[in-house]
Amino acid sequence: MSRSNKPVNAAAENALDRMKLEIASELGIADRVRSQGWSTMTSADCGRVGGHMVRKMIEQYESGMGGGSTGSTSGTLTAQYDANNKS
């Protein structure tokens, strides 16, 4: 099966781009991205941006579930799943 770079929801593409630039500005690399583009960024910088995006999306999802707990103690979905399924 071929892999596609297109988002499942086409309307989400603009939101993801905005989020990407927001996180780049938090990391202090937004000016370089705007002037030179993403293709000139190092893989480490792109990885940092992607990692922060995933972390933010997980926090938003968890807070939407009513958990609100994004602290370091069992705040992840995996930790909650493991805790609920202990035998």
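Structure: see above.
Worth saying up front: this structure is predicted, and the values here are computed from it rather than measured.

Asker: I tried to follow the side chain of Asp45 on my own but got confused; where do I start?
Answerer: On the secondary structure map, Asp45 appears in helix H3 (residues 43-64). Under the relative-accessibility criterion, Asp45 is labelled buried at 10%. At a separation of 2.5 Å, a polar atom in the side chain of Asp45 contacts the side chain of Arg32. A distance of 2.9 Å separates a polar atom in the side chain of Asp45 from a polar atom in the side chain of Arg48. When neighbours within four sequence positions are excluded, Asp45 is seen to be in contact with Ile29 and Arg32.

Asker: Even after reading the chapter, I still don't get the pattern of salt bridges, so can you show me in this structure?
Answerer: Close approach of charged atoms allows side chains of opposite charge to pair. Tallied over the full model, the rule gives six salt bridges. The partner of Glu22 in a salt bridge is Lys56, with the nearest N and O atoms 2.7 Å apart. A residue pair is termed long-range when its members are at least 10 positions apart, and Glu22 in helix H1 (residues 12-27) and Lys56 in helix H3 qualify at 34 residues. Overall, the relative accessible area of 40% leaves Glu22 in the partly exposed class. With a shortest N-O distance of 2.5 Å, Arg32 and Asp45 are connected by a salt bridge. Remark: Asp45 occurs in helix H3 and Arg32 occurs in helix H2 (residues 30-36); sequence separation between them is 13 residues. Residue Arg32 is classed as partly exposed on the basis of its relative accessible area, which comes to 35%. Look at the salt bridges and you will find they share partners, linking Glu22, Glu26 and Lys56 into a network.

The rules we used
- Numbering of residues begins from 1 in every chain and follows the order in which that chain's sequence is written.
- Residue-level local features of this predicted model are given only where pLDDT is at least 70; pairs of side-chain atoms are given and counted only at 80 or more, and the full residue set underlies all totals for whole chains, interfaces and linings.
- Heavy atoms from the whole structure form the basis of all side-chain values; hydrogens and water molecules are not counted.
- Secondary structure elements follow DSSP: runs of H or I no shorter than four residues count as helices, runs of E no shorter than two count as strands, and numbering proceeds from the N terminus.
- Under the scheme applied here, a residue whose accessible area is under 20% of the maximum for its type counts as buried, over 50% as exposed, and between as partly exposed, the area being computed with a 1.4 Å probe on protein chains only.
- Two N or O atoms form a polar contact when they lie within 3.5 Å of each other; inside protein one atom must be a possible hydrogen donor and the other a possible acceptor, and for residues adjacent in sequence the pair counts only when both atoms belong to side chains.
- For this analysis, residues touch if any pair of their heavy atoms sits within 4.5 Å.
- Throughout this description, the term salt bridge denotes a Lys or Arg side-chain nitrogen within 4 Å of a carboxyl oxygen of Asp or Glu.

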